[in-house]
Amino acid sequence: MESPLAEPLKKTVGGTTAKVLADHLDLHTVGDLLHHYPRRYAERGELTRLADLPLDEHVTVVARVADARLLSFNRGRGQRLEVTLTDGSGRLQLVFFGRAAYAHEKKLVPGRRGMFAGKVSVFNRKLQLAHPDYKLLDGDGDAAAVERFARALLPLYPAVRQLNSWKIEQAVETVLTSMEAIGWKGLGDPLPASLREGRDLLPLPEALRSVHRPRSWAEVGAARRRLKWDEAFVLQVALARRRSAEAQLPAVPRAARDDGILAAFDARLPFTLTEGQRRVSEEIFTDLAAAHPMHRLLQGEVGSGKTMVALRAMLTVVDAGGQAALLAPTEVLAQQHHRSIVEMLGELAEGGLLGGAEHGTRVVLLTGSMGAAARRRALLELTTGEAGIVIGTHALIEDKVRFHDLGLVVVDEQHRFGVEQRDALRAKGEQPPHLLVMTATPIPRTVAMTVFGDLETSVLDQLPAGRSPIASHVVPAADKPHFLARAWERVREEAEGGHQAYVVCPRIGDEETAGGAAEEDAAGYGAEEDEEAGSGGAEGGERRQPLAVLDLAAQLTGGPLAGLRVEVLHGRMAPEAKDDVMRRFAAGEVDVLVATTVIEVGVNVPNATVMVIMDADRFGVSQLHQLRGRVGRGSAPGLCLLVSEMPEESAARTRLDAVAGTLDGFELSRIDLEQRREGDVLGQAQSGVRSSLRMLTVVEDEDVIAEARAEATAVVAADPGLDDHPELRTALAALLDEERESYLDKG
């Protein structure tokens, strides 16, 4: 028997309402609507805090009319009704124009109380709803609305302009009534009875009723606890089944050797590995020696030595007869990795060449801008197996790239790559290669997936000896322009003291398209950052165009940094020109590098001590943390100045203050996640608008997630096909549509 939750909504709430629910809230079935939970609840006698309303969002508020004034404009030809709502914490203005003003004036008299829904805007520095929908709650109104309002708690739903909260509530009421009429027959329960009883969780019908029609806060709490377990457990079962399936896949074991290139490399290291690097390497070596593919996230602070750990993993695979590929997001980073790895390996990177080590290998670079001859040579060395290590950009994914025996894929800054790109590279192995993804600051989806146990995780939380602390400060350029002048003085002081500085801008400055961000450099504004990076716009009305590298470099050269050696670096420069600038900057021949986010990852110049990030509010938290990690890489302390014109009370400034307040990438990722939600944990939507998590929040509910993982792992181990759990299998099928299952399978 099909679950009543699969019933199309149009059969219950009518075609018109069902169409709006489907088109604007992506709710199609009875189950979809019953899992569209209230955002919050208003208590009778409680007024919403109007002071906390978010701009540019559709909201529903419960408030009281303080006053109403009918005003004329356009020499008496136009009428405008202005109504002021109050709640003690703030005031909100409603405005109605034209003939509607007269009708609403008669209803919205001082003292009346109601629900008001609309999009929050600002006019003359006042929060405003223009032509809102409303329903009065303490007067005439329809009897059903008054009766519902008489309950202790009033559910307020995530709504849209086309369907406000109380209309959604009416639809939910209709569905609940129909479910109760059939006694919730055929509903089923995805949670095994033993789990439900052992943890004292509500039956599913009671939880759904209580979350939508609560009689007390205790009922809300019990319902939410049960529904969080539904989400956590079903998702964990999906992940546990995936881990179980991966464990069945064949992979070539790549066991470490005591007498290979890795041993020779370790013997020539001029420093001692940190305890963390040794511990994480052992975790990776254990995975590599297994007969199923490694799928591990290497999470480490900026500068914690992730590249060293990754190189040791690659050498282990080469020692075992395989090849390793390192995928980097930009040519600058790929070239940097190639140069530093070749330098670290020395003669060990010259296998088969005159003067090379007897047991060495070759390290080749493969990028899109390489000349034809160099490219042919690199491709040949990959095919024959002479090259044990290849470092490249997206060029590695092209069809013509063939490996002799690909054993390990390392993805650097994994949030800069799509799942399909990683999967395309992994597909180049005869058998699934081992996979190691690295990131310095987890962006929200990565944190979510990590907490949910999708990846085995290794953590590097120590900085190598010799790394210096970085001081970070917000420079409020609009409020205190003399602070910005002082920032340029600090840059000059560092340069005159023999150090170097970066200045970062969001744009290049030679774009032909209006407001265009640099094509490569805007990578940080990608799928996982764009919502955040552009979030400042609503807070300050019209914003000027972001500052540009070419413009600012000219201003600095002719102004506060006159006399210093200033160069530019951006993604539209020819590869040779970029490489030349970076080499001269690394050699100390450039004092100040004005750049886009092309320097975000991998650039290592220990003598650089200052970074000034212009329009810092236009970057995401992880980008700012990555950029900051370019300084303080030597013995001298680092300084990062986050320049912003956003007002102190804005969300963008709060974000910058958080970045300035901690150097802990883990803490920043949590802040980022709290502000932006998880995105769709099982899909490619990153904004959080269509999160598959409706009740669960990753940061708050880590304990529930961890417990659910243990329960799910036990269930899948005992019953991999879920043959004894048909209702769980049904819930899993509903959660994992074809696209999400494919996404999850690819990792």
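Given the structure is predicted, the values throughout are model-derived calculations rather than measurements. (Residues numbered from 1 in each chain as written. Predicted model: local features only at pLDDT ≥ 70, side-chain atom pairs only at ≥ 80, totals over all residues. Heavy atoms only, no water.)

A. Looking closely at helix α2 (residues 15-25). Burial in α2 covers these residues: A18, L21, A22 and L25. Down the axis of α2, the buried side of the element spans an arc of 115 degrees, and every buried residue falls inside it. Projecting away from the buried face of α2 at angles above 90 degrees are the exposed residues T16 and K19. Considering only its buried residues, α2 is in contact with α1 (10-13), α3 (30-34) and α6 (165-181). (Buried < 20%, exposed > 50% of the residue type's maximum accessible area, 1.4 Å probe, protein only. Helix = DSSP H or I, 4+ residues; strand = E, 2+ residues; numbered from the N terminus. Arc of directions from axis to C-beta. Contact = heavy atoms within 4.5 Å.)

B. Just the side chain of S472, in detail. Considering the arrangement of structural elements, one finds S472 in strand β16 (residues 470-476). At 2.9 Å, the side chain of S472 and the side chain of R628 are in polar contact. When sequence neighbours within four positions are dropped, the list of residues in contact with S472 reads R628, C640, A660 and L663. (Polar contact = N/O pair within 3.5 Å; in protein donor to acceptor, adjacent residues only side chain to side chain.)

C. Structural detail: the sheet that holds strand β21 (residues 638-644). If you walk across this open sheet you meet the six strands as β16-β21-β20-β17-β19-β18, and the pairing is parallel. In this open sheet, the two strands that pair with only one neighbour each are β16 and β18 (566-569). Shown here is a sheet whose adjacent strand axes are inclined to one another by a mean of 20 degrees, direction ignored. On the sheet, helix α23 (residues 651-661) packs against β16 and β21 and is oriented at approximately 160 degrees with respect to β16. (Pairing = 2+ DSSP bridges. Axes fitted to C-alpha atoms, helices over the stretch in contact; angles between N-to-C directions.)

D. Expanded view of the packing of helix α22 (residues 621-628) against α23. Axis separation between α22 and α23 bottoms out at 10 Å; the angle between their running directions is 35 degrees. For the pair α22 and α23, the crossing hand works out as right-handed. Every residue of α23 that contacts α22 at V621, L624 and R628 is listed here: R655, L656, V659 and A660. Of the residues in the contact of α22 with α23, the class split is five nonpolar, no polar and two charged. (Left-handed = near helix turned anticlockwise from the far one by under 90°. Nonpolar A, V, L, I, M, F, W, Y, C, P; charged D, E, K, R; others polar.)

E. Broad picture of the packing of aromatic side chains. For the structure shown, the criterion picks out four aromatic pairs. A ring pair is formed by Y502 and F585, whose centres lie 5.0 Å apart and whose planes are at 55 degrees; its orientation type is tilted. Here the residue Y502 occupies a position in strand β17 (residues 500-504), and F585 occupies one in helix α21 (residues 575-586), the gap between them amounting to 83 residues. (Phe/Tyr/Trp six-rings, centres within 6.5 Å; stacked < 30°, edge-to-face > 60°.)

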